[in-house]
Amino acid sequence: MTQKRIHFQQATMLTPEQYIAGLTDFGPGRSKLFGNSADEYLKVHHLGRTEADVTEGSGGIWERLHYDWSNSNHVVLTTTDSNTWGGASGHTYTFTRHPNGTTGIDVDVVREGKNFKGMMLGLVLRTIGRSVLEKAFENSVKAIEARSGAPRERAA
């Protein structure tokens, strides 16, 4: 099956720790930070100090993810089960602190369809789906900035 890798980049006034605090907030209202994580899909199977096992999703698509934030500059979400995604699917967040006080966030999303639905969604990602995912990422940065009280900084 074919993998689809998508890369996004954003500059923010958030620290890596502030973004990670939002990323790993699995409480009610998570969908306000991450629109693709509807509260009715959210199930925390295990939550540790620097890792978690969580099922989340929306719109009929769900995935179980292993979150690892033991390195505050590199957070890895590995798909362990899904009704759509398999193989090497997941998300990797890399944070770069800049001298001007901003943080660069690089996100790599890997999607490998494990069935017909996943393969069709993979095709969508090659076209209009990329912009939808990018907008969702930008919205999550804005929402975490607003929650943290961080001033807004746009990428150059």
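Structural data are supplied above this passage.
The rules behind each value
Residues numbered from 1 in each chain as written. Predicted model: local features only at pLDDT ≥ 70, side-chain atom pairs only at ≥ 80, totals over all residues. Heavy atoms only, no water. 1 Å grid on protein atoms, 1.4 Å probe; cavity = no way out; pocket = protein on both sides within 12 Å on 5 of 7 lines; lining within 4 Å. Points joined across faces, edges and corners; volume = space filled by probe spheres on them. Helix = DSSP H or I, 4+ residues; strand = E, 2+ residues; numbered from the N terminus. Patch = residues over 30% accessible without salt bridge, like charges linked within 9 Å, V, L, I, M, F, W, Y side chains within 5 Å. Areas by Shrake-Rupley, 256 points an atom, 1.4 Å probe, with all protein chains shown as cover. Salt bridge = Lys/Arg side-chain N within 4 Å of Asp/Glu carboxyl O. Buried < 20%, exposed > 50% of the residue type's maximum accessible area, 1.4 Å probe, protein only. Pairing = 2+ DSSP bridges.

S.K.: Before we move on, can you summarise the layout of surface pockets with the specific residues and values?
M.R.: The space that makes up the largest pocket amounts to roughly 740 Å³. Contributing to the lining of the largest pocket are 32 residues, with Asn36, Glu63, His91, Arg111 and Leu133 lying nearest its centre. Mapped by element, the contributors of at least two residues to the lining of the largest pocket are β3 (51–58), β4 (61–71), β6 (90–97), β7 (103–112) and α3 (116–148). Per element, the largest residue contribution to the lining of the largest pocket is 10 residues, and it comes from α3.

S.K.: Lay out a nonpolar patch on the surface in plain terms, naming residues and giving numbers.
M.R.: A contiguous nonpolar patch, built from Phe116, Met119, Met120 and Leu123 and spanning about 400 Å² of accessible area, is present on the exposed surface. Structurally, Phe116 is set in helix α3. We classify Phe116 as exposed; its relative accessible area is 60%.

S.K.: Go over the pairing of β6 with me, naming the residues and quoting the values.
M.R.: Sheet analysis places strand β5 (residues 74–82) next to β6, joined by 5 bridges and oriented antiparallel. The residue of β6 that forms the bridge with Thr78 is Gly90. Bridge count between β6 and β7: 8 bridges; the pairing is antiparallel. Note on β7: the bridge partner recorded for His91 is Val109.

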